Amino acid sequence: MIPFNVPPCVGTEINYITDAISKHKICGDGEYTKKCNAWFEEKTGAKKVLLTTSCTHATEMAALLCDIKPGDEVIMPSFTFVSTADAFVLRGATVVFVDIRPDTMNIDETKIEAAITDKTVAIVPVHYAGVACEMDTIMDIAKRHNLKVVEDAAQGVMSTYHGKALGTIGDFGAYSFHETKNYSMGEGGALLINDEANTEMAEIIREKGTNRAKFFRGQIDKYTWVEAGSSYLPSELNAAYLYGQLEKAQEIFDDRMNSWNKYYDAFKELADAGKVELPTVPEGCEHNAHMFYLKCKDLEERTALISYAKENDILMVFHYIPLHSAPAGKKYGRFAGEDVYTTKESERLVRLPLYYGLTDEDHAKVVKVVKDFYNGR
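The residue count restarts for each chain, going from 1 along the sequence in the order it is written. Totals for whole chains, interfaces and linings use all residues, but because this is a predicted model, local features are given only for residues with pLDDT of at least 70 and pairs of side-chain atoms are given and counted only at 80 or more. Each side-chain value is worked out from all heavy atoms of the structure, with water and hydrogens disregarded.

**A closer look at the overall build of the protein chain**
Next up, step 1: Helix and strand definitions follow DSSP, with helices as H or I runs of at least four residues and strands as E runs of at least two, each counted in order from the N terminus. Within the protein chain, the regular secondary structure consists of 14 helices and 13 strands.
Next up, step 2: Restricting the calculation to C-alpha atoms gives the radius of gyration, and the globule rule supplies 2.2 Å times the number of residues raised to the power 0.38. Since a compact globule built from 377 residues should have a radius of gyration of about 21 Å, the 21 Å found for the protein chain is in line with a globular shape.
Next up, step 3: Projecting the C-alpha coordinates of the protein chain onto the three principal axes gives extents of approximately 75 × 55 × 35 Å.
Next up, step 4: Each residue is placed in one exposure class: buried if its accessible area under a 1.4 Å probe, protein chains only, is under 20% of its type's maximum, exposed if it is over 50%, and partly exposed if it falls in between. The burial tally for the protein chain puts 53% of its 377 residues in the buried class.
Next up, step 5: Counting only contacts in the protein chain whose residues sit at least 6 apart along the sequence, the fraction spanning at least 24 positions is 71%.
Next up, step 6: Accessible areas in this description were obtained via Shrake-Rupley with a 1.4 Å probe; residue shielding takes into account the shown protein chains only. Carbon and sulfur atoms provide 50% of the accessible area of the protein chain, an area that totals close to 16,200 Å². For this analysis, residues touch if any pair of their heavy atoms sits within 4.5 Å.

Here it is, written out as structure tokens:
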């Protein structure tokens, strides 16, 4: 079976994990955590980057830093993972879903303003498949309405929007290093802070509500509980695993992009014939080859393609069930405007195997099976 995903591994991870163990420092904020933070700060230009236990927790921290309170409203797409909403629901907010664009599957920036009420405090754009949302428009709306912007860039590491790293455009950004992502630590994430004024409070929240980070820097002679917080520090073992991949970040990027481009070129004939739709990357957006998807005619055809692929030992998968149709989505949120594309487009999308180290042989087999499926219809 050709898997949908294989967690990335470059070969040096175990050496760094062993090194962390030998130095008797395996809890959070050790040498490898700091190396990862520094790598991302240099690579993205973010004012501060803090490694976290997950992208979910990075988004939770952003919600705390935005001072989300019960009764507040937060605008986001319904086509996203549950963590995008959970972080704000946990603070008592109502999530307000708006429709997506059918070309990128990102939030439709033209629908946001109509969803704003006097209770709205934040917009959460989700950069689907590592392709940027239309951030200039979103930031303009946020500025005019005095709203916070939290970028869910879980899939957007190494992607840019007009030269700016995803996660560095809004007030906060959140990255994921789950095993399904381009760069992984098993479970993990990072919070990107784009205003230095938020750094101290972020450190406090991340360290169980204490000013422990200042103590370790020698800025105070003892630390204490100063604010509500939680434990958002990942283990040094996870950070050590990630650091090995960051050293090979460009190699991983190039390998995935090669697979992505070969898929695109291979399926262009099917797209030109109107049998499938290919991903769209708008001008000014540089993506990271996080995923390659096709859009089938409808749900029935997608189901048939997935079954056909499985019969031929290939695992293809669909993606999110829109949150507004889920039980919790109905309980904690509402859809503003009309669902023109969210449900319809989500039912057509199928994701193909794409991971670091995908062999030419397996890639060719995936292409052949898809073409055989459509040639037989």
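What follows picks up the thread again.
**Overview of the packing of helix 10 (residues 249-272) against helix 14 (residues 360-375)**
Next up, step 1: Contact geometry of helix 10 with helix 14 gives a least axis separation of 11 Å together with a crossing angle of 20°. For the element pair helix 10 / helix 14, the angle class is roughly parallel. Read as a crossing pair, helix 10 and helix 14 show a hand that is right-handed. In this structure, helix 10 uses Ser259, Lys262, Tyr263, Ala266, Phe267 and Leu270 to contact helix 14, whose residues at the interface are Asp360, His363, Val366, Val367, Val370, Lys371 and Tyr374.
Next up, step 2: For this scheme, ten residues count as nonpolar: Ala, Val, Leu, Ile, Met, Phe, Trp, Tyr, Cys and Pro. Four count as charged, namely Asp, Glu, Lys and Arg, and the remainder, Gly too, count as polar. When its residues are assigned to classes, the contact of helix 10 with helix 14 shows eight nonpolar, two polar and three charged. The axes used here are C-alpha line fits, helices contributing only the stretch in contact, and every angle between their N-to-C directions lies in the interval 0 to 180 degrees. Roughly parallel means an angle under 35 degrees; roughly antiparallel means over 145; roughly perpendicular covers 65 to 115; every other angle is labelled oblique. Throughout, a crossing is termed right-handed when the near helix is turned clockwise from the far one, and left-handed when it is turned anticlockwise from it by less than a right angle.

**Considerations on the sheet that holds strand 4 (residues 120-123)**
Next up, step 1: In space, the eight strands of this open sheet follow the order 1-9-8-5-4-2-3-12, with mixed pairing throughout. Bordering the open sheet on either side are strand 1 (48-52) and strand 12 (333-335), each of which pairs with just one other strand. For this sheet, the mean angle separating the axes of adjacent strands, direction not counted, is 25°.
Next up, step 2: Along the sheet, helix 2 (residues 31-44) makes contact with strand 1, strand 8 (172-176) and strand 9 (189-193), crossing strand 1 at roughly 140°.
Next up, step 3: Along the sheet, helix 3 (residues 55-65) makes contact with strand 1, strand 5 (148-152), strand 8 and strand 9, crossing strand 8 at roughly 165°. We call two strands paired when DSSP finds no fewer than two bridges between them.

**Thoughts on the pairing of strand 2 (residues 73-77)**
Next up, step 1: Counting buried positions along strand 2 gives five out of five residues, so the element sits mostly inside the fold.
Next up, step 2: In strand 2, alternate side chains face the same way, and those of Glu73, Ile75 and Pro77 on one face and Val74 and Met76 on the other are all buried.
Next up, step 3: When the strands point away from the viewer and the connection leading from the first strand across the helix to the second strand turns clockwise, the crossover is called right-handed. Handedness of the crossover joining strand 2 and strand 3 (residues 94-98) through helix 4 (residues 82-89) is recorded here as right-handed.
Next up, step 4: One ladder, built from three bridges, connects strand 2 with strand 4; its direction is parallel. Opposite Ile75, over in strand 4, you have Ile123 as the bridge partner.

**Comments concerning the pattern of salt bridges**
Next up, step 1: Just to be clear on terms, a salt bridge is a Lys or Arg side-chain nitrogen sitting within 4 Å of an Asp or Glu carboxyl oxygen. According to the stated counting rule, one finds 22 salt bridges in the structure shown.
Next up, step 2: Glu109 is paired through a salt bridge with Arg101; the nearest N and O atoms lie 3.2 Å apart. Considered together, Glu109 and Arg101 belong to a single accessibility category, that of buried residues.
Next up, step 3: Two residues, Asp272 and Lys268, come together in a salt bridge whose shortest N-O distance is 3.4 Å. Highlighted residues: Asp272 and Lys268, both in helix 10, separated by four residues, approximately one helical turn.
Next up, step 4: Among the residues examined, Lys268 registers a relative accessible area of 39% and is labelled partly exposed.
Next up, step 5: Connected through salt bridges with shared partners, the residues Asp19, Lys23, Glu31 and Lys35 form a single ionic network.

**Details of unusual backbone geometry**
Next up, step 1: One non-glycine residue, Ala129, lies in the positive phi region at around 60°.
Next up, step 2: As for its position among the elements, Ala129 is in the loop between strand 4 and helix 6 (135-145).
Next up, step 3: The residue Lys208 is not glycine, and still its phi comes out positive at about 60°.
Next up, step 4: Within the secondary structure, Lys208 is located in the loop between helix 7 (199-206) and helix 8 (212-216).

**Some thoughts on helix 9 (residues 236-246)**
Next up, step 1: Here helix 9 lies mainly inside the structure; eight of its 11 residues are buried.
Next up, step 2: Those residues of helix 9 that fall on the buried side of the exposure criterion are Glu236, Ala239, Ala240, Leu242, Tyr243, Gly244, Gln245 and Leu246.
Next up, step 3: Where helix 9 is buried, its residues meet helix 1 (13-22), helix 2, strand 1 and helix 10.

**Topic: the nonpolar core**
Next up, step 1: Within the largest apolar cluster, 77 residues are counted, with the highest numbers of intra-cluster contacts made by Phe177, Phe267, Met316 and Leu352.
Next up, step 2: Beyond its immediate chain neighbours, meaning those up to four positions away, Phe267 contacts Val276, Leu278, Phe292, Leu294, Leu352, Val367 and Val370.
Next up, step 3: Of all hydrophobic cores here, the second largest spans 31 residues; its members include Ala62, Phe88, Val95 and Ala174. We call a set of buried Ala, Val, Leu, Ile, Met, Phe, Trp, Tyr and Cys residues a nonpolar core when their side-chain atoms join them within 4.5 Å.

**Brief notes about the side chain of Arg101**
Next up, step 1: Assignment of secondary structure puts Arg101 in the loop between strand 3 and helix 5 (112-115).
Next up, step 2: A relative accessible area of 18% means that Arg101 is categorised as buried.
Next up, step 3: Any pair of N or O atoms that falls within 3.5 Å is considered a polar contact. Within protein, one atom must be able to donate a hydrogen and the other to accept it, and sequence-neighbouring residues count only if both atoms are side-chain atoms. For Arg101, the side chain forms a polar contact with the side chain of Asp103, separated by 2.7 Å.
Next up, step 4: When sequence neighbours within four positions are dropped, the list of residues in contact with Arg101 reads Asn106, Ile107, Asp108, Glu109, Glu134 and Pro282.

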